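Now for the letters of each chain:
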Amino acid sequence: MKKKLLSIVLCVAMVMSMATGCSKASTQTSGDNDKLVVGFAQIGQESGWRDAETASIQFYAGQKIDSIELKFADAQQKQENQIKAIKSFIEMGVDVIGLAPVVETGWDAVFTEAKEAGIPIVLVDRMADVDEKLYSTFIGSDFILEGKNAAIEMATLLGGKGKIVELEGTVGASAANDRKKGFDDEMAASYPDIQILESQTGDFTRAKGKEVMESFLKTYGDQINGVYAHNDDMMLGAIEAIKEAGLKPGVDVKAVSIDGVKGIFEAMAAGEANVTVECNPLLGPQFFEVCEKLKAGETVDKWIKSDEGIYRQDTAATDLPTRKY
Ligand code: GZL
């Protein structure tokens, strides 16, 4: 009996040491100085857009495993998890840290740690509210312009007058803050006969977008002539709610959102949505190009802007096969 117990204890000890050995090994950089070692702290998997961005980053690194080592962390939409990931990347001594900040504020301390460690930070698709000395560049869209364009599209659909509701992105996210600012400011400045009845966060998710639209419909019913959603995923949820309320999305309730994911092109082709303002998630190539430059000690532009289009119902069926995300 004693022998059996001993052998079990030894086995467990062996497994434990291998496990810790593995976890230590996975935190070491490859040790090959020529390889570009990048840590990326991703927000999560809240939308189709986010999944497309993750795929773009992982695919690019996967194609270049001889020259790029990617350490990827999924923060499940929690800032504290992104901060933990950044700290671990600093400890590993990566060459560059990339992240899509889930919210704009709360980054000064950990970005300062990265700077003191001599590791550049690249902001991807969302901004952080920090001194610009604390990051190398922002690769992403002009969210204020996206919001302004959405307002112009909505006003065109409504003939300049009507009542609308607004589904906002994640509270505190730069994409939500600026898409709201761009839209609401344009509405106030140019379309006084369009009233925003209510505006609430749907956290960029389809499920929450449906839930909030259901509550808007309970409160305002067929007074609602249009809905503006800060991303297509929330709009797809809102479309479900509009149909369940017995109204026709895209007809009774005009639908304008942002991202340009495949699902919204399918909805537009079915006549259930009207406009999507494109926001490019396929940032992998640009991101690694910047990382290579930073590793080589080159300077990069402070803002690498994505250029994007506006897509409408009338061309959605022909656009759909060309869409890459
Ligand atoms: C925009 C990005 C936003 C998308 C959403 O750059 O941060 O986050 O519009 C995503 O779909 O959740």
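Description of the structure in this document.

Conventions and cut-offs
Residues numbered from 1 in each chain as written. Predicted model: local features only at pLDDT ≥ 70, side-chain atom pairs only at ≥ 80, totals over all residues. Heavy atoms only, no water. Salt bridge = Lys/Arg side-chain N within 4 Å of Asp/Glu carboxyl O. Helix = DSSP H or I, 4+ residues; strand = E, 2+ residues; numbered from the N terminus. Buried < 20%, exposed > 50% of the residue type's maximum accessible area, 1.4 Å probe, protein only. Near = heavy atom within 4 Å. Polar contact = N/O pair within 3.5 Å; in protein donor to acceptor, adjacent residues only side chain to side chain. Areas by Shrake-Rupley, 256 points an atom, 1.4 Å probe, with all protein chains shown as cover. 1 Å grid on protein atoms, 1.4 Å probe; cavity = no way out; pocket = protein on both sides within 12 Å on 5 of 7 lines; lining within 4 Å. Sits in = over half its atoms within 2 Å of the grid points. Nonpolar A, V, L, I, M, F, W, Y, C, P; charged D, E, K, R; others polar. Axes fitted to C-alpha atoms, helices over the stretch in contact; angles between N-to-C directions. Parallel < 35°, antiparallel > 145°, perpendicular 65-115°, else oblique. Left-handed = near helix turned anticlockwise from the far one by under 90°. Contact = heavy atoms within 4.5 Å. Pairing = 2+ DSSP bridges.

What about the pattern of salt bridges?
Thinking step 1. For the structure on display, the rule yields 22 salt bridges.
Thinking step 2. Glu113 serves as the salt-bridge partner of Lys87, at 2.6 Å between the closest nitrogen and oxygen. One end of the pair, Lys87, is in helix H3 (residues 79-92); the other, Glu113, is in helix H4 (residues 108-116), and 26 residues separate them in sequence.
Thinking step 3. Glu113 gets classed as partly exposed once you look at its relative accessible area, which sits at 30%.
Thinking step 4. Residues Glu278 and Arg323 are paired through a salt bridge, measuring 3.1 Å at the closest nitrogen-oxygen approach.

With respect to the site of the ligand
Thinking step 1. As a matter of local geometry, the ligand sits amid Glu46, Ser47, Trp49, Arg50, Asp125, Arg126, Phe143, Arg179, Phe204, Asn231, Asp259 and Cys279.
Thinking step 2. One nitrogen or oxygen atom from the side chain of Asp125 is found 2.4 Å from an oxygen atom belonging to the ligand.
Thinking step 3. The side chain of Asp259 places a nitrogen or oxygen atom 2.6 Å from an oxygen atom of the ligand.
Thinking step 4. Coverage of the ligand by the protein chains reaches 100% of its 320 Å² of free accessible surface.
Thinking step 5. The pocket occupied by the ligand, as judged from atoms lying within 2 Å of grid points, is the largest cavity.
Thinking step 6. When the residues that make up the shell around the ligand are grouped by side-chain class, the tally is four nonpolar, two polar and six charged.

Thoughts on the packing of helix H5 (residues 143-158) against helix H6 (residues 174-190)
Thinking step 1. Between H5 and H6, the least distance of the axes is 7 Å, while the angle of their chain directions is 40°. By the criterion of interaxial angle, the relationship of H5 to H6 is oblique. For H5 against H6, the interelement crossing comes out right-handed. The residues of H6 that touch H5, namely those facing Phe143, Ile144, Glu146, Gly147, Lys148, Ala150, Ala151, Ile152, Met154 and Ala155, are Ser174, Ala175, Asp178, Arg179, Lys181, Gly182, Phe183, Glu186 and Met187.

Structural notes on the sheet that holds strand E1 (residues 36-42)
Thinking step 1. Pairing is parallel in the open sheet, where six strands are placed in the order E2-E1-E3-E4-E5-E11. Edge positions in the sheet fall to strand E2 (68-74) and strand E11 (303-305), since each of these pairs with one other strand and no more. Neighbour-to-neighbour, the strand axes of this sheet turn through a mean angle of 20°, independent of strand direction.
Thinking step 2. Pairing geometry for strand E3 (residues 96-99) and strand E4 (residues 121-124), over three bridges, is parallel. By the bridge assignment for E4, Leu99 is matched with Leu123.
Thinking step 3. Across the face of the sheet, helix H2 (residues 48-63) comes into contact with E1, E2 and E4 while running at roughly 155° to E2.
Thinking step 4. In the packing of helix H10 (residues 284-295) onto the sheet, the strands contacted are E1, E2, E3, E4, strand E5 (137-140) and E11, and the crossing angle to E1 comes to about 130°.

Looking at the environment of Val130
Thinking step 1. If you trace the backbone, Val130 turns up in the loop between E4 and E5.
Thinking step 2. A relative accessible area of 13% places Val130 in the buried class.
Thinking step 3. Put simply, Val130 and Phe111 are 19 residues apart on the chain and 8.6 Å apart in space, counted from C-alpha to C-alpha.
Thinking step 4. Here Val130 is in contact with Trp107, Asp108, Phe111 and Tyr135, once residues within four sequence places are set aside.

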